[in-house]
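Architecture and fold: a report
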Amino acid sequence: SSLFLATCGTGYDLIYMDHGETSPETAELHRRDAELIVQRQLLRPGGLILIDDQSVGEGIAGKGSLSIPYLLSQGFQLLTPPESYQALLQAPTPA
């Protein structure tokens, strides 16, 4: 997935992230992929990222434990409720 994100076009409405089993290594891979998505501006303004196998209840755990805080620091909004097993984030839109 990282190779694809590093070389693909831009302007996506939705990117679905669900690679690897839940582990610290997969969380790091998701963070690197999130950085590629932001740096390469792969999403349209208001576009969505869906991270599977994720819990955002009492603290962020799972595959997105590193990528979700990064995306939030980049202005993304978390749209899913804490009890969800997926995390849906929306890219910022211009003011």
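Summarised in this report is the structure supplied together with it. Since the structure is predicted, the reported quantities are computational estimates derived from the model, not experimental observations.

This part takes up the overall build of the protein chain. Within the protein chain, the secondary structure is distributed over three helices and six strands. Along its sequence from the N terminus, the protein chain presents helices and strands in the succession α-β-α-β-β-β-α-β-β. Taken over the C-alpha trace, the protein chain has a radius of gyration of 12 Å; the compact-globule value for 95 residues is 12 Å, and the two agree within 12%. Overall size of the protein chain, expressed as C-alpha extent along the three principal axes, is 30 × 30 × 20 Å. For the protein chain, with 95 residues in total, the buried portion stands at 35%. Relative to all contacts within the protein chain whose residues are 6 or more apart in sequence, the contacts with residues 24 or more apart total 64%. Positive and negative side-chain charges in the protein chain, numbering 5 and 11 respectively, have mean positions lying 11 Å apart.

With that out of the way, let us pick up the side chain of Thr 80. Within the secondary structure layout, Thr 80 lies in the loop between strand S5 (77–78) and strand S6 (87–90). Exposure remark for Thr 80: the relative accessible area of 17% places this residue in the buried category. Polar contacts involving the side chain of Thr 80 include one to the main-chain carbonyl oxygen of Gln 86, which spans 3.4 Å. A polar side-chain atom of Thr 80 sits 3.3 Å from the main-chain amide nitrogen of Leu 88. Beyond its immediate stretch of four places on either side in the chain, Thr 80 contacts Gln 86, Ala 87 and Leu 88.

Once that is clear, we can look at helix H2 (residues 24–39). Between its first and last C-alpha, H2 extends 23 Å over 16 residues, near the 22 Å set by a 1.5 Å rise per residue. Residues of H2 that are buried: Thr 26, Ala 27, His 30, Asp 33, Ala 34, Leu 36 and Ile 37. Looking one or two residues beyond H2, the residue adopting positive phi is Gln 41, at roughly 50°.

What counts and how
- Residues numbered from 1 in each chain as written.
- Predicted model: local features only at pLDDT ≥ 70, side-chain atom pairs only at ≥ 80, totals over all residues.
- Heavy atoms only, no water.
- Helix = DSSP H or I, 4+ residues; strand = E, 2+ residues; numbered from the N terminus.
- Rg over C-alpha atoms; globule rule 2.2 N^0.38 Å.
- Buried < 20%, exposed > 50% of the residue type's maximum accessible area, 1.4 Å probe, protein only.
- Contact = heavy atoms within 4.5 Å.
- Lys, Arg positive; Asp, Glu negative; His and termini not counted.
- Charge placed at Lys NZ, Arg CZ, Asp CG, Glu CD.
- Polar contact = N/O pair within 3.5 Å; in protein donor to acceptor, adjacent residues only side chain to side chain.
- Expected span 1.5 Å × (residues − 1).

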